[in-house]
Amino acid sequence: MTTSLTITASPTPAALVLEVAGDLDHTNAQRLRRAAREAALPAGRLLAVDLGKLSFCDSSGITALIAVRNHVVSVDARLVLVAVSVNMRRLLNMTGLDQVFDIRDAA
C-alpha cells in the first residue's frame, strides 16, 4: 500500500523550504532524502523543512529526517524544522533528536 506524501520545494529569500505533507513512512521516506539531495544548497544556505501538514511519521520517516540533516551538514548548509506538531515534537523529544534538530514554530 502506497501512502500519500507531497514534498514541495519553494525558494524564499531566507531559505529553501521543503513542505512535507501527508504520511512520511517506509513506503516513501526515500522521496524526502532525494528532495534534499536534489536541492541546490550552497554553503551557509538554510533548508527549512516545514512539517505543518505532516499527518504521520514512522521510524523510516525519522531516519529520512536524520539523513536530510546529515546531507545538509555535509554541504555546510543549515537545517531547521518548522511547524512541528505536538506529537512530532514529543517523538523527537523522546528519542533525543530535539537536541539534534533546530526546531522552530515558524519559518
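Per an unreviewed UniProt entry, the protein is named Anti-sigma factor antagonist, and its organism is Streptomyces heliomycini. Database annotation for the protein, UniProt heading Sequence similarities (unreviewed entry): "Belongs to the anti-sigma-factor antagonist family."

Chemist: Which residues make up the overall build of the protein, and what values do they have?
Modeler: Summing up its helical and strand segments, the protein has three helices and five strands in all. Taken over the C-alpha trace, the protein has a radius of gyration of 13 Å; the compact-globule value for 107 residues is 13 Å, and the two agree within 12%. For the C-alpha atoms alone, the extent of the protein along its principal axes is close to 35 × 30 × 20 Å. Out of the 107 residues belonging to the protein, those deemed buried represent 41%.

Chemist: I'd like a description of the nonpolar core, backed by residues and values.
Modeler: The biggest cluster of nonpolar side chains holds 29 residues, and the ones touching the most others in it are Leu 32, Leu 47, Val 49, Leu 51, Leu 81, Met 88 and Leu 92. Looking at this core, the elements with two or more residues in it are strand E2 (16-24), helix H1 (29-38), strand E3 (46-57), helix H2 (59-74), strand E4 (78-82) and helix H3 (86-94). Beyond its immediate stretch of four places on either side in the chain, Leu 92 contacts Ile 62, Leu 81, Val 84, Leu 97, Asp 98, Phe 101 and Ile 103. Listed in part, the six residues of the second largest apolar core include Val 17, Leu 46, Ala 48 and Val 80.

Chemist: Talk me through the sheet that holds E4; I want residue IDs and the actual numbers.
Modeler: Each strand in a sheet pairs with its neighbour through backbone hydrogen bonds, running either in the same direction (parallel) or in the opposite one (antiparallel). Here five strands make up an open sheet; going across it, the order is E1-E2-E3-E4-E5 and the pairing mixed. Across the chains shown, the open sheet's two edge strands, defined by having one partner strand only, are strand E1 (5-11) and strand E5 (103-104).

About the criteria used
Residues numbered from 1 in each chain as written. Predicted model: local features only at pLDDT ≥ 70, side-chain atom pairs only at ≥ 80, totals over all residues. Heavy atoms only, no water. UniProt positions renumbered as here; feature names shortened; annotations may be inferred. Helix = DSSP H or I, 4+ residues; strand = E, 2+ residues; numbered from the N terminus. Rg over C-alpha atoms; globule rule 2.2 N^0.38 Å. Buried < 20%, exposed > 50% of the residue type's maximum accessible area, 1.4 Å probe, protein only. Core = buried A, V, L, I, M, F, W, Y, C linked by side-chain atoms within 4.5 Å. Contact = heavy atoms within 4.5 Å. Pairing = 2+ DSSP bridges.

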